[in-house]
Amino acid sequence: MAGTGETSYLVATDVGGTCTDTVIFGTDGVIHIGKALSTPPDFATGVLNSIVSAADPMGLTLEELLGRTHLFIHGSTVVDNAVLTRDGTPTGLLTTQGFEDTLHVTRGAYGRWSGLTEERIKNPVQTDRAPALAPRDAVVGIPERMDCDGAVVLPLDEAAVEQAVRFLVNEKQVGAIAVSFLWSFLNADHERRVRDIINRVAPGAYVTLSSDIAPNLGEYERTSTAVINAYAGQITNDYLTSLQGLLAEKGYDGATMVMQGYGGLLPAAEAADRAVGMIECGPAAGVIGAKFLGDLMGDPDVIAADMGGTTFKVGVIQDGKLEYAREPMVDRFHYLAPKIEVVSIGAGGGSIISVDPRTKVPHVGPRSAGARPGPICYGQGGEEPTLTDVMLLIGYMDPGQFLNGSITLDREKAERIFKEKIADPLGMTTQEAAIGIYRIASAQITDLIREITVERGLDPRDFVLHSFGGSCGMLAAAFGQELSVRRVVIPYTASVNCAFGLVSADVAHEYSVTQNLPATTSAAQINAIFAPMEERARAQLAAEGIEPDRMRMEWSVDLRYSRQVHEVTTEVAANTPLDDAGAARLVDDFEALYERKYGRGSAYREAGIEMTMFRLTARGLMPRPTLPAEEEGSADASAALIGNREIYVETKGGMAPGDIYDFNRLQPGNSLKGPAVIHTPITTIALPDRMTARMDRWRNIVVEFDAD
Amino acid sequence: MDPMTFSIIRHRLFRIVDEAVITLKHVSGSAITNEGHDLMVSLYRADGTLLMGGVGFLHHLTSAAEACKSIIRRFEGDIHEGDIFLLNDPYTAALHTSDIYLVSPIHHEGRLVAWSACFVHVYDIGAVNPGGFAPQAPDIYTEGFSSPGIRLVAGGEMRQDVLDTILNMVRSPEMVTLDLRSMIACNNVARDRMQSLMTKYGAKEVDGACAELVNQSEDLFRARLRELPDGQWQSRQYLDVNGDTARVNLTMTKKDDRLIFDFSGSDPQSPYSINCTKWASLGGLFAPLFPLLCYDITWNEGVLRPVEMIAPEGSIVNCTRPAPVSVATVGAIQSVNNAACSTIGKMLGASEKYRNQSTAVWHANHFAIFKFGRNQKGGDSIGILTETFAGAGGARSFADGVEIGGEIPNPISRMANVETVEAAFPVRYLFRRRAPDSGGPGEYRGGTGGELALVPHKAPDGGINYVISGKGSRHPMSEGLAGGYPGAPNSYVWVKAPEDGANTPVTAAGGLDAISGTQERVSWGVYPLMGRDALYVRWNGGGGHGDPIVRDPEAVRRDVAAGLVTLQSAGDIYGVALRDGAVDETETMAKRKSIRSARLQQEASE
Amino acid sequence: MSGQDRISASVAVKEGQAVCAACGHDLGPATKPWKDHAHRREIPLALAGGQAYDTGHEGVLLRHFYCPGCAALLDTETAMAGDPALDDILAARG
């Protein structure tokens, strides 16, 4: 029995699309894991179920556990869900008169093609925008105008504002109002005065100012952000309030921290006011988790690949740093908020295999059988062959070993349908066709990861590949080899990686000031921009109970060449506040970064360099739980060898005998050679020929390619 | 060949084009390439035929094929690994001088196995007007330098003398250098990736897959053509410049699995630079053909084979040297796009199976307006009004056109934010919004176009100047389908401030007429935007589909509420009566009945 | 060959004849220009509808082709006076 009266706990729960995962760290150094189905739209039920499922094996009731819990960290899809299901608060928009269509026009075609696959983009006749979250008849133009310096061109017409607010609330029945004026990020006075008027005239309305939520240049994206935030704000507020209430009822009296899309934590009360911040915080936590492992294992460069039933997600960690998305979207709506870049592609175990009847060319996806009906072999009514069925047919999955034997896979049915729908039309045997599909899937993932790295100016050969999710382990070694990554790691915590990421995150606040200055700007002037941000940040962190010695101020600046469009966020590496040498180094670092990212000869220096945005990340360092490391013992893995069966072996050009191992019986230090398959409780690791897998001190499986 | 390997190679060819496009955008960093997506990258087989067309400005796919072929002819026996050729002569293959092709042979184990080609609209080409579009050019000689093919890179080494010569002929040579560099990097990526593909799978296998891919496209396209009815469809475009109107006439005939585009009867070439050469016309008709008819077919040589074009020599769609062509891409080529879109839309609409693929004409009329002058920071600024990339969608047989939704020949584009423009140019927008009544009425309405007004703001020189190649402000060019009206035409108005010394306008909620001053239409040439004057631009809506008086009255009510249709048009064109913001059904029925009877009182034709 | 059952969304084909898709009114053989059998009306574009159509130029016309049976608007054309009608016809079968 774990847990004596003295042990206290950190509980982290991540709500994902399908499952809600929990990781519990005890002060005794023991990690506990829980999993339950997500329960949208009432996510709190799934959260409690997930915690219970972790507490149960500990011999604790929910109340006992929460009574000894000192911190609860949470990530949730509540905002993504509110947007995807159009379940938010009816929202109105007040904007500068003459520009009422900005939100709906989406910078022209941009909103029509954004978020679509290339296949769909190639057929424009069948494309449309997603209807905006604030309908056009709930947009009111207000006479007011600032110019490009934030100077007032036309004063705010307060009477018009009051009238517009009454119209929106009384006639359009909105419960939330977004306010977005041109150039408000340089001078927020008009927007703030509008907020005062709304609070007076319609005190119940939820208000978001664009200058608060996204103080950045670009009125379309800024407006869209304000509207999303207003739309999802009330729901987010209600959700976090009720979740905290439930936890309190069950005896929890500590703080709740909420994960943000940029990979930092915010206290629940602050998170509630920044709904857009929570978008895609789960995948962000996944990348944070991968970074934590990379740091632990001494690998600063990691490609984190997560393949589940429906999506394949890729995050890139370079030199221990995370990259922010340039044009983040939720559903098909653009927004401006710092968010860790995670590229998501519709490819997973549930991807449906088809043969084009016209050309007899086989395709993997883009349609997916999803969780329901799922692959044929799950026996839940799936009638279309999926990638998971192929994995079964090529021997990578064992019908009796799936999810610890909790479901017996129907190989016979999978084979019958695959033969009829895929193998026969191709004129191949079932096995040949299944092997071919596996090769296609592996090659396509290789292509996609290569494209993602090229986009960032990176070379996959410098990276370690981390494989997460139920389907990734069967492909990771194969595509990792074709990408020539340094090695492949299937982490011990792969099944609950996002929840694991929550406990490895810090409290973090992001601040920014948009201002266009030449790169020759003096250090003193740059310091003067950061000083008020730092002051705000320190006060904020102090209010959250962070001691000054745990505060970290990270400066970065967006720079670009004057006549080019690419902006590069460049970290300030020198000590802050800056001296002139530090300022000069910033510009040098930018130039190096630019060339690395955009290629040799891409810089046009003659036009000059300008700074466009000044960003502060203010961290409150959280105590990091330590992962218990074990002694590595003998390399002999024979104790875990449970069988031998025919599996696909690329070097043999077909099926060949492979050793089958039980992950649960492997011990740190054990080493085994491919071709082999390792069954873990949640996934299967396929180890091709000429590769070696080893279990390391933290029970991660590390795959190395044999030297030629 | 093994269908699995074929599938893998096919996927990789797509990704190679994608990676090359990314490289092009990265290195260039220019607004027109990155925002307007005014670019193209494609792969060609060893003989120069199209292998894999990327998503860019689609009228370049076939022209760049011709560029490869003409380089093969011109340099036969003298094409080496690591060479890169430059070609921008419109009478050889290019569309206009400022869209430069860089064409690069790809060798594997010493043998020429493929080509890659790309283009960007370079910053300047040394024409009489800055920016590439030269409304004041009387002939090709004044449209900047043009080469029918020159070796820019020899065996991987830049030919500095050639580069220096080119740069010596253009404004902003640094920016043009960057454009050229980006295209070289792009071709290098395509070459490296093609070479590693061949190393992995074998040159013969890859070439076999390419041949198969081309044949497959041909088979698929022919099969689709056989599914469509045989017949003949016509369309016509009017292009007016400075009071001259030129016609582009098209008769498209479809028989079995062949498609013939016949431009006979089009007007002779124009003295203005709206003309296009025959390669440009061919590209122009394929630009809508690829996405409308071959949306699910790989865009390559196979799609070209069933298609024939007839374009009379000396006409506006097949002009002869030295006719000026610098405005071709937004002139005759765009009219060819439109005409082809219209006839293809008609043909699709005649098929039960493909009716939902038919569309009225989208964004028929680009307005190339290049602003240039000193900005508020004292620096030089030159740039296109990116609203031109934000055209309106044509109505479809099942839905309205997309408001300000882009265009067919360039599926990926976007316009800049107002704040981005105001930060870089000494101008201020009075408004930018959808223009009421601009979308062609119909049962399904064409997407609305937009309108904007600019005034000088904090300009050190009192304002800026602009080059405008604004043909087509007399005639609507976005034709409707099946009774749908055309989208309203473009409008360019110079509002000259009154003498009385009133201030520069700060707002104009009422639109053009709320800007005080006298209105003068402008369309072609170089103009100032100075002092207290304003420039108003309205751009065309998409064509409508079907009879407007059968449009759902509720949809008309929504359009009026959203400001997309005026109350007057709701009544006059759609026959919908609104009372207190709601549809008056009785009066609507009466109105529609009276419209019908008025129609029948007309004389029958002929 | 599928699809010989219509010329456009507004003009159908019945037994080789072009007919109004709304009311079935006969518009002659599908292999001949159906517009010859329709009511034709030419209006200056400037008067055709909203203000946006008024380009300030004479001589730009909008042609309407109506079904003589039910007055449905079957097609429109932008035209200059005297230019011929655009003809869309289906080929004879076989």
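Some words on the overall build of chain C
Here is step 1: Helix and strand content of chain C: zero helices and seven strands.
Here is step 2: Secondary structure of chain C in N-to-C order comes out as β-β-β-β-β-β-β.
Here is step 3: Seen through its C-alpha atoms, chain C measures out along the principal axes to roughly 50 × 25 × 20 Å.

So, the packing of helix α15 (residues 430–455) of chain A against helix α1 (residues 3–28) of chain B
Here is step 1: At their nearest, the axes of α15(A) and α1(B) sit 9 Å apart, and the two run at 5 degrees to each other. The angle between α15(A) and α1(B) falls in the class roughly parallel. In contact with A:G436, A:R439, A:I440, A:A443, A:Q444, A:D447, A:E451, A:V454 and A:E455 of α15(A), α1(B) contributes B:M4, B:S7, B:I8, B:H11, B:R12, B:R15, B:D18, B:E19 and B:I22.
Here is step 2: Here the contact of α15(A) with α1(B) is built from residues that sort into six nonpolar, four polar and eight charged.

Re the domain arrangement of chain B
Residues and elements named next belong to chain B.
Here is step 1: Structurally, chain B comprises domain 1 (3–219), domain 2 (367–382 + 393–546) and domain 3 (550–600).
Here is step 2: With centres defined by C-alpha atoms, the gap from domain 2 to domain 3 works out at 28 Å.
Here is step 3: Contact residues are listed per partner, giving ten residues for domain 2 and ten residues for domain 3.
Here is step 4: In terms of residue class, the side of domain 2 that touches domain 3 is made up of two nonpolar, four polar and four charged.

Looking at the confidence of the model for chain C
Where the model shows low pLDDT, its predicted coordinates should not be examined in detail.
Here is step 1: Per-residue pLDDT for chain C has a mean of 90; in total, 94% of the residues score no lower than 70.
Here is step 2: ipTM for the predicted complex: 0.95, alongside a pTM of 0.94.

Topic: the interface of chain A and chain B
Here is step 1: Taken residue by residue, the interface counts 62 residues in chain A and 66 residues in chain B.
Here is step 2: Every element with two or more residues in the side of chain A that touches chain B is listed here: α5 (110–113), α6 (118–121), β8 (152–154), α10 (219–249) and α15 of chain A.
Here is step 3: Counting residues per element, the side of chain A that touches chain B draws most heavily on α15(A), at nine residues.

Quick word on the sheet that holds strand β13 (residues 380–384) of chain B
Residue and element names in this part refer to chain B.
Here is step 1: An order of β13-β12-β16-β19 is seen for the four strands of this open sheet, with the pairing classed as antiparallel. Either end of the sheet is taken by a strand with one partner, and the two such strands are β13 and β19 (524–530). When strand polarity is set aside, the average angle formed by the axes of neighbouring strands in this sheet is 15 degrees.
Here is step 2: Bridging between strand β12 (residues 369–374) and strand β16 (residues 463–469) involves four bridges; their strand directions are antiparallel. Within β16, the position partnered with F372 by the bridge is N465.

Rules used throughout
- Residues numbered from 1 in each chain as written.
- Chains lettered and ligands numbered in written order.
- Predicted model: local features only at pLDDT ≥ 70, side-chain atom pairs only at ≥ 80, totals over all residues.
- Helix = DSSP H or I, 4+ residues; strand = E, 2+ residues; numbered from the N terminus.
- Axes fitted to C-alpha atoms, helices over the stretch in contact; angles between N-to-C directions.
- Parallel < 35°, antiparallel > 145°, perpendicular 65-115°, else oblique.
- Contact = placed C-beta atoms within 7 Å.
- Nonpolar A, V, L, I, M, F, W, Y, C, P; charged D, E, K, R; others polar.
- Domains from an automatic or database assignment.
- pLDDT = per-residue confidence, 0-100.
- Pairing = 2+ DSSP bridges.

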